[in-house]
Amino acid sequence: QVQLVESGGGLVQAGGSLRLSCAASGRTFSSYIMGWFRQAPGKEREYVASMRWSSGRTWYADAVKGRFTISRDYAQNTVYLQMNSLKPEDTAVYYCAARRIVVKEYEYWGQGTPVTVSS
């Protein structure tokens, strides 16, 4: 059973930084895409960034490109989201997700970690 556990959320001032972590367990993720999504109050969940676990190839939403970086640690089986130059509009609950490369929809989700950026 795949488990994804996020951590690292909190309150930060605009312009600050946070690093989110997603500890993944339950299987080998070499054939998976790992992603980060977020959902702001009253809004739909939106895509933030993703990474192919095996190659390290990354993709980003335009809203975070140049400010956020997704990365992984093989030994710790952990995916990170480094968030810099945070803006109040980045306030949301951030979710880690995983899917097999051959599947279009994300199959596994974490419980989410809240991020609040004050102006």
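Quick caveat, the model's predicted, so the values are computed rather than measured.

### What about the packing of aromatic side chains?
Step number 1: By the definition in use, this model includes 7 aromatic pairs.
Step number 2: Judged by centre distance (5.8 Å) and plane angle (85°), the ring pair of W53 and Y74 falls under edge-to-face. Of this pair, W53 sits in the loop between β5 (46–52) and β6 (58–60) while Y74 sits in the loop between β7 (68–73) and β8 (78–83); the two residues are 21 residues apart in sequence, bridging distant segments of the chain.
Step number 3: Judged by relative accessible area, W53 falls into the buried class, the value being 4%.
Step number 4: Following the ring pairs from residue to residue traces out a cluster consisting of F29, Y32, W53 and Y74.
Step number 5: Here the basic side chain of R19 rests over the ring of Y80, its NZ or CZ set 4.1 Å away from the ring centre.
Step number 6: When the ring centre of W109 is taken as reference, the NZ or CZ atom of R45 above it lies at 3.8 Å.

### Examining the state of the cysteines
Step number 1: Summed over all chains, the structure comprises 1 disulfide.
Step number 2: Covalent S-S linkage joins C22 and C96, the inter-sulfur distance amounting to 2.1 Å. Taking the torsion about the S-S bond as the criterion, the C22 to C96 disulfide, at about -75°, is left-handed. Of this pair, C22 sits in strand β3 (residues 18–25) while C96 sits in strand β9 (residues 92–100), and the two are 74 residues apart along the sequence. Across the pair, C96 and C22 agree in class, each one buried.

Cut-offs applied
By convention here, each chain's residues receive numbers from 1 onward along its written sequence. Side-chain atom pairs in this predicted model are given and counted only at pLDDT of 80 or more, local residue features only at pLDDT of at least 70, and totals for whole chains, interfaces and linings cover all residues. Side-chain figures throughout are based on the complete set of non-hydrogen atoms in the structure, without hydrogens or water. Pairing of aromatic rings covers Phe, Tyr and Trp, the last counted by its six-membered ring, and requires centre-to-centre distances within 6.5 Å; plane angles under 30 degrees mean stacked, over 60 mean edge-to-face, and any other angle means tilted. Secondary structure elements are taken from DSSP: a helix is a run of H or I of four residues or more, a strand is a run of E of two residues or more, and numbering for both begins at the N terminus. The buried label applies to any residue whose accessible area, calculated with a 1.4 Å probe on protein chains only, is under 20% of its type's maximum; exposed applies above 50%, and partly exposed to all values in between. Put simply, a charge is over a ring when the Lys NZ or the Arg CZ is close to the ring centre, within 6 Å, and near the line of the ring normal, within 35 degrees. Throughout, disulfides are identified as pairs of cysteine sulfur atoms within 2.5 Å of each other.

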